[in-house]
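Summary of the model geometry
For reference, the chains in residue letters:
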Amino acid sequence: MRIGYIGIGDMGGPMARNLLKAGFDVVVHDLQQDKVDGLVAAGATAANSPEAIANQAEIVMVCLNTIPASHAVAKAVAGGTAVRIYVDQSTIGPTAAQQLRDYFKDTNIQMLDAPVSGMIAKAVDGTLSVITSGPKDAFETVKPAFDAIGANVFHVTETPGGGQMMKVLNNYINNIQAVGTSEGVTMGLKFGLDAQTMFDILNVSTGRNSQTSGNLADGIISGVFSGGANMKISQKDITLGVEEAERLGTPTNAGRAARDTYNQAIADGGDQERSTAIFKHVAAKAGVVAGK
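Conventions adopted
Residues numbered from 1 in each chain as written. Predicted model: local features only at pLDDT ≥ 70, side-chain atom pairs only at ≥ 80, totals over all residues. Heavy atoms only, no water. Helix = DSSP H or I, 4+ residues; strand = E, 2+ residues; numbered from the N terminus. Expected span 1.5 Å × (residues − 1). Salt bridge = Lys/Arg side-chain N within 4 Å of Asp/Glu carboxyl O. Buried < 20%, exposed > 50% of the residue type's maximum accessible area, 1.4 Å probe, protein only. Phe/Tyr/Trp six-rings, centres within 6.5 Å; stacked < 30°, edge-to-face > 60°. Contact = heavy atoms within 4.5 Å. Polar contact = N/O pair within 3.5 Å; in protein donor to acceptor, adjacent residues only side chain to side chain. Pairing = 2+ DSSP bridges. Right-handed = clockwise from strand over helix to strand, strands pointing away. Core = buried A, V, L, I, M, F, W, Y, C linked by side-chain atoms within 4.5 Å. Axes fitted to C-alpha atoms, helices over the stretch in contact; angles between N-to-C directions. Parallel < 35°, antiparallel > 145°, perpendicular 65-115°, else oblique. Left-handed = near helix turned anticlockwise from the far one by under 90°.

As for helix α8 (residues 162-191)
The α-helix winds at 3.6 residues per turn, so residues separated by three or four positions along the chain end up facing the same way. Its 30 residues place the ends of α8 44 Å apart at the C-alpha level, agreeing with the 44 Å of an ideal helix rising 1.5 Å per residue. Within two residues after α8, Gly-192 carries a phi angle of roughly 120°, on the positive side.

Description of the pattern of salt bridges
Counted according to the given criterion, the structure contains nine salt bridges. Lys-236 is the salt-bridge partner of Asp-237, the closest N and O atoms lying 3.6 Å from each other. When the shortest N-O distance is used, the salt bridge between Glu-273 and Lys-280 registers 2.7 Å. Overall, the relative accessible area of 17% leaves Glu-273 in the buried class. For Lys-280, a relative accessible area of 38% corresponds to the partly exposed category.

Quick look at the packing of aromatic side chains
Remark: the centre distance and the inter-plane angle together describe each pair of aromatic rings, the angle taken between the planes. On inspection of all chains with the given rule, the structure shows three aromatic pairs. Measuring from centroid to centroid gives 6.0 Å for Phe-139 and Phe-146, while their planes differ by 35°, and the two rings are tilted. Across the pair, exposure class does not vary: Phe-139 and Phe-146 are buried alike. When the centroid spacing of 6.2 Å and the interplanar angle of 25° are considered together, the rings of Phe-225 and Phe-279 count as stacked. Here Phe-279 lies in helix α13 (residues 278-284) and Phe-225 lies in the loop between α10 (215-222) and α11 (231-248), a separation of 54 residues in the sequence. In this pair, the class of Phe-225 matches that of Phe-279, namely buried.

Considering α11
In this model α11 runs 26 Å from its N-terminal to its C-terminal C-alpha over 18 residues, within 8% of the 26 Å that 1.5 Å per residue would give. Among the residues of α11, Met-231, Ser-234, Gln-235, Asp-237, Ile-238, Thr-239, Leu-240, Gly-241, Val-242, Glu-244 and Ala-245 are the ones counted as buried. Elements in contact with the buried residues of α11: α4 (67-77), α5 (94-100), α8, α12 (253-267) and α13. Measuring from the side-chain oxygen of the N-cap residue of α11 to the backbone nitrogen of Lys-232 gives 2.8 Å; that N-cap residue is Asn-230. Positive phi shows up at Gly-249, right after α11, with a value of about 80°.

A word on the pairing of strand β5 (residues 85-88)
Residues Ile-85 and Val-87 of β5 are buried on one face, and the alternating residues Tyr-86 and Asp-88, pointing to the opposite face, are buried as well. Note that strand β4 (residues 59-62) and β5 share four bridges and pair parallel. Each bridged residue has a counterpart across the sheet, and for Ile-59 the counterpart in β5 is Ile-85. Viewed along the sheet, the connection from β4 through α4 into β5 turns out right-handed. Summarising the sheet, β5 and strand β6 (residues 110-113) pair through four bridges and their orientation is parallel.

Details of the environment of Ile-67
Tracing the backbone through its elements, the reader meets Ile-67 in helix α4. Take Ile-67: its relative accessible area is 29%, and that puts it in the partly exposed class. Taking the C-alpha atoms as reference, Ile-67 lies 7.1 Å from Ala-96; in sequence the two are 29 residues apart. Ile-67 has contacts with Ile-92, Ala-96 and Leu-240, leaving out every residue within four places of it along the chain.

Things to note about the nonpolar core
Of all hydrophobic cores here, the largest spans 31 residues; its most connected members are Tyr-5, Leu-19, Val-28, Met-61, Val-87 and Phe-146. Sorting the residues of this core by element identifies β1 (2-6), α1 (12-21), β2 (25-29), α2 (33-41), β4, β5, β8 (128-133) and α7 (136-149) as the ones contributing at least two each. Looking at this core element by element, the count peaks at seven residues for α7. Once residues lying within four places of it in the same chain are set aside, the contact partners of Val-87 are Ile-59, Val-60, Met-61, Val-62, Leu-112, Ala-114, Val-142 and Phe-146.

Some details on the packing of α8 against helix α9 (residues 195-202)
Between α8 and α9, whose axes approach to 10 Å, the crossing angle comes to 130°. One finds that α8 runs oblique with respect to α9. The element α8 and its partner α9 pack so that their crossing is right-handed. On the side of α8, the interface is formed by Thr-181, Val-185, Gly-188 and Leu-189, while α9 contributes Ala-195, Met-198, Phe-199 and Leu-202.

Interpretation in functional terms is not warranted from these geometric data alone.
Quick look at the structure:
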């Protein structure tokens, strides 16, 4: 089967490339022509619109940055003549995922929400976690493609939005970890502890988390915050988590505090930075500078 991929940016681009490496026939579309040209050079075919992809590919996968973009693309694809399975790999939350399914109600197109977890490096080397919900038979059809982009592939539930719920709560926890780690390490630096020593100890102690052993730690030690997605993505993700928790009536104390920290960082210029730079904004309140 031919696979269409819409949204070939930081995450979607490497995933589409890994589909090509696995031998799939891939047709791509993106508003950024240089992204399209790069995939075409790697063996993909270009399409000039989501509708064009939906008229060529039986499976259409998308990875988009905003909920409005997800709505617009799903609505366009729903009118396609070739598409039979629509896979949204964006992080949009369960409420939006359930809303998107309305576009496919009177069609013969099945929908899976299949967000991924892992940074850009994992997208590049094909070791993402793929978290899926939707019809099990559609999942089994698409699974060879998921195996090409992820080392850990899960089917959570057939309930619409279940994959998105799992992704949202994962990112909720991860972003709270980023803010909490930044605050704790700032405390240590202000006291006079060495950053590398702190991480050496944290990573063999109970404070270890994905931030103490990842890009955030590297940035704090070096003073160069080049890792992670754009900070606006982290802000979007923690906001989604808070909103979904509020809909469900579950506690949001830590989430709201982390969201407020990201909101302030964005207001102070963080929209031009990667997510790991959240430490800079936390530390600045204490007069601490990373790498010094």
